[in-house]
Amino acid sequence: MKKLFLLMFIMGLLVRPLLAGEGMWIPLLLQQLNEKEMRDMGMRISAEDIYSINRSSLKDAIVLFGGGCTAEIVSDKGLILTNHHCGFGEIQRHSSVEHDYLTNGFWAMSQADELSCPGLTTTMLMKMEEVTKAVLDKVTADMTEQQRNALIKENSSRIIEKATKESGYDAVVRSFYQGNQYYLLYTQTFKDVRLVGAPPSNIGKFGGDTDNWMWPRHTGDFSVFRIYVGKDNKPADFSTDNVPYKPASHIPVSLGGVGENDFTFVFGYPARTKQYLPSYGVSLITEVTNPPKITLRETRLEIFKRHSLNNPRVRIQYAAKDARIANGWKKMIGESKGIDRLNGIARKQLTEARFIDWAASDANKAYAGLLPAFEARYAQLIPIALAADYINEAGMGIELVGFAARFRPLVDESMKANADAQKMTILTESLRKQTEEYFKDYYEPIDREVAAALLKLYAENQPSAFRPAFLDDIQADCKGNYTAYVDKLFAQSVFTSKESVQKLLENVTMKTVKKITSDPAYKMYADLFGFYNQHIKQPYQQLNDGIDSLQRLYMQGLMAMQTDTRFYPDANFTLRVTYGKVEGYAPADGVYYKHFTTLDGIMEKENPDVYDYVVEDKLKNLYNTRDYGRYAASDGKMHVAFAASNHTTGGNSGSPVLNADGQMIGLNFDRCWEGTMSDLMYDPAMSRNIAVDIRYILFIMDKYAGARHLVDEMTLVN
Ligand code: ARG
Ligand code: GLU
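All figures in this text were calculated on a predicted structure; none of them were measured in a lab.

The rules behind each value
- Residues numbered from 1 in each chain as written.
- Chains lettered and ligands numbered in written order.
- Predicted model: local features only at pLDDT ≥ 70, side-chain atom pairs only at ≥ 80, totals over all residues.
- Heavy atoms only, no water.
- Buried < 20%, exposed > 50% of the residue type's maximum accessible area, 1.4 Å probe, protein only.
- Helix = DSSP H or I, 4+ residues; strand = E, 2+ residues; numbered from the N terminus.
- Pairing = 2+ DSSP bridges.
- Near = heavy atom within 4 Å.
- Polar contact = N/O pair within 3.5 Å; in protein donor to acceptor, adjacent residues only side chain to side chain.
- Areas by Shrake-Rupley, 256 points an atom, 1.4 Å probe, with all protein chains shown as cover.
- Nonpolar A, V, L, I, M, F, W, Y, C, P; charged D, E, K, R; others polar.
- Contact = heavy atoms within 4.5 Å.
- Expected span 1.5 Å × (residues − 1).
- Core = buried A, V, L, I, M, F, W, Y, C linked by side-chain atoms within 4.5 Å.

Engineer: In this structure, what is going on with the pairing of strand E1 (residues 62–65)? I would like to understand it.
Structural biologist: Regular strands place their side chains on alternate faces of the sheet. Taking every second residue as pointing to the same face, both faces of E1 are buried, with Ile 62 and Leu 64 on one and Val 63 and Phe 65 on the other. The pairing of E1 with strand E2 (residues 69–73) spans four bridges and is antiparallel. From the neighbouring strand, Ile 62 faces E2, where its bridge partner is Glu 72. The antiparallel pairing of E1 with E2 creates a hairpin that spans three residues between the two strands, and Gly 66 there sits at a positive phi of about 60 degrees. Here E1 pairs with strand E6 (residues 122–130) via three bridges, running antiparallel.

This is the structure in structure tokens:
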């Protein structure tokens, strides 16, 4: 009996049906793979309404925003929405003490007031085609990974050249399913994108890092931009003559609200996932490399916090660094915990056991031996991956060392037989600027403590074969007293004060270069870098190439073994559709989280003494008078955010969350902590994406900011 239960349990895990919500699908294949299911789940539009090359479709309204987010066009005048954290850099760039848009928000009351953002681009997918055959032309199974990659690159260049010539668009070839399929993507990049509006940070970043990666959430994480083009409606460099872009389609915005279990989908640019790793690969991430990275980051964050607590200046200096370090730190914790809770490694092992059985038959023998090969490579990879992480997170985590590293291009150029004087001048000028910026946000007491703590962790946790020489010098010199070592380092280095660095850069000669290269902080960096080049770089590359080729075969094998399963490719920063339902979840025994939050929750969290939870009077007044107008939900409340089971990842920030009719109901900006392992393994019970309710965005624009004209530009539907 017991045996039968065990068998049933195992079978239950093996014949994994497609889980509601799981998958990031290729728009081109929606009709073939997903349309029926989407309709069964409640969708009322067609796959062709989402992606079409014959007529306008939703895809014409989705763009890749900057380097790593998504945005969507919501008016016929090229108005786009993305997250506050995606527009943050631009908002910050335009901010000054007199115009502090980060603190106070910014609203262009007419197009003339919209602020240009040099360097910011948005890219739109025009169409895509499968080109696997042409890309793999003359590629054979016995090629080395390097030969294969070289040939693929050559084939792709030919395809791209032809495509750009014939279409007039830009084109790229991207690998899907671990190099088993290739697609040609035609794109168009807009180069004149202007800042239109942003709420104050205590709305756009409400809850800050405390609430980051968490549900229930109350962040109004949005900002507004506009795409400008030449008079011919084509992309053009910035010019005052440019006009707002007239898109082939823009997304209608729904005032109808969000109900539990409503069908919903997200259309955007997920960056990277690793759904098909073998158990060894998952273990490497969640059991081997995440834990020390978490500890190293925690160490830094704790020191930042202690120094910021009673020092507002330091808090501002370290706010951005803290946010960046904390975002990854929190994600890793959630990911490792999530895989643990899911028994993720054991689940992978079950699939692998089945795979080994399947590959034992003559017909599938091409796939035999894959898993032991993975096992061997990953075992070799462990120390190398850890060593690389310690270099990055411990060595380069010391700001002094990271800053010294920036002088390397100057040193390199000066060492050349025919050093270019003009280049030296440019590099020096850039370093002078960097010096200004770096010291603006530098607080030496923090860095000293960080250095002592990180060096200690580094030395104690890396075996001698993977320790750069300076770590052993510390032992010899200071008998393991890290603070004493750090005191000496900081006393001797020129890189600890703005004045000394500026003096160094006053007149750059060979003597200056000598001074840089003999500086103890620069030497530390050079030691780390030299160690990496000598001991890590090559084996790392080789092992990864080997793993890539195994992974390609494994993916192929998994697809051959499970012919009745639909496979979606890992995220690779190409446009995808993911769909699920608006739903809450049970994060722990006895607890259930509802699918939405309201302005009441903002008032509950309000704390004028805690930076992350300050609420401005203006918002409080709107709350007190319940002045929500047409943006109120049917329960009379102002809904702020909602959760849904769409399978999203980094890059989906700023993606539209759409309803069954393809109308925008929310703006995606995060995932819940309990579900962050979805980059490796999706859990329908816990994996939730988090969106700002579109009605809260409209309410803030209209009632809070008085930018009603922007709301009026959109196509609102009830
Ligand atoms: N966790 C979200 C993402 O991965 C939001 C990050 C920005 N917000 C913050 N509080 N740091 O990008
Ligand atoms: N905040 C993430 C981003 O910037 C999205 C959250 C996630 O990883 O799902 O893309």
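Engineer: So what exactly am I meant to see when it comes to the site of ligand 1 here?
Structural biologist: Close to ligand 1 lie His 85, Lys 205, Gly 208, Asp 209, Asn 212, Trp 213, Asn 327, Phe 669 and Asp 670, which account for all nearby residues. In this structure, Asp 209 approaches ligand 1 through a side-chain N or O atom, which is 3.0 Å from a nitrogen atom. Within the side chain of Asn 327, one N or O atom sits 2.9 Å away from a nitrogen atom of ligand 1. Surface burial for ligand 1 is 83%, taken as the share of its 340 Å² of free accessible area covered by protein chains. Sorting the residues of the shell around ligand 1 by element identifies helix H10 (208–211) and strand E20 (664–671) as the ones contributing at least two each. Split into classes, the residues belonging to the shell around ligand 1 amount to two nonpolar, four polar and three charged.

Engineer: Explanation requested: the pairing of strand E7 (residues 170–176) in the structure shown.
Structural biologist: With seven bridges joining them, E7 and strand E8 (residues 181–190) adopt antiparallel strand pairing. Bridged to Ser 175 within E8 is Tyr 182. Where E7 hands over to E8, the hairpin turn is made up of four residues, of which Tyr 177 adopts a positive phi near 50 degrees.

Engineer: So what exactly am I meant to see when it comes to the side chain of Asn 34 here?
Structural biologist: Secondary-structure assignment places Asn 34 in the loop between helix H2 (30–33) and helix H3 (35–40). Side-chain polar atoms of Asn 34 contact the side chain of Tyr 579, separated by 2.9 Å. Here Asn 34 is in contact with Trp 25, Leu 29, Arg 566 and Tyr 579, once residues within four sequence places are set aside.

Engineer: Looking at this model, I keep getting lost on the environment of Gly 397. Mind explaining?
Structural biologist: Residue placement: Gly 397 occurs in the loop between helix H15 (370–395) and helix H16 (399–405). Measuring from C-alpha to C-alpha, the distance between Gly 397 and Arg 55 comes to 51 Å, with 342 residues separating the pair along the chain. Sequence-distant contacts of Gly 397, defined by excluding residues within four places in its chain, comprise Arg 300, Asn 392, Val 450 and Leu 454.

Engineer: I keep staring at the environment of Ala 644 and nothing clicks. Help me out?
Structural biologist: As for its position among the elements, Ala 644 is in strand E18 (residues 639–644). Given a relative accessible area of 0%, Ala 644 falls into the buried group. For the pair Ala 644 and Glu 260, spaced 384 residues apart in sequence, the C-alpha separation works out to 9.0 Å. The residues contacting Ala 644, other than those within four sequence positions of it, are Thr 264, Lys 581, Val 582, Glu 583, Ser 687, Arg 688 and Asn 689.

Engineer: How should I be thinking about unusual backbone geometry in this particular structure?
Structural biologist: In this model, Trp 215 is joined to Pro 216 through a cis peptide bond whose omega is 0 degrees. Structurally, the position occupied by Pro 216 is in the loop between H10 and strand E10 (223–229). Residue Trp 213 is not a glycine yet carries a positive backbone phi of 60 degrees. Summarising the element assignment, Trp 213 is placed in the loop between H10 and E10. For Asn 343, which is not a glycine, the phi torsion comes out positive at approximately 60 degrees.

Engineer: Mind showing me how you'd approach helix H13 (residues 319–342) here?
Structural biologist: Think of an α-helix as turning once every 3.6 residues; residues three or four places apart then point the same way. Here H13 contains 24 residues, and its C-alpha end-to-end distance of 34 Å stays within 8% of the 34 Å for a straight helix at 1.5 Å per residue. Backbone geometry just downstream of H13 places Asn 343 in the positive-phi region, at approximately 60 degrees.

Engineer: Can you help me understand the nonpolar core in this one?
Structural biologist: Most often, soluble globular proteins keep nonpolar side chains buried together rather than apart. Ranked by internal contacts, the top residues of the largest apolar core, which has 210 residues, are Ile 50, Leu 455, Phe 495, Leu 599, Tyr 696, Phe 699 and Met 701. Considering each element in turn, this core owes the most residues, 14 residues, to helix H24 (residues 520–561). Leave out the neighbours within four places in its chain, and Ile 50 touches Leu 30, Met 38, Met 43, Ile 45, Ser 57, Leu 58, Lys 59, Phe 265, Phe 267 and Val 577. Residues Val 258, Val 266, Ile 665 and Ala 691 belong to the second largest nonpolar core, which totals eight residues.

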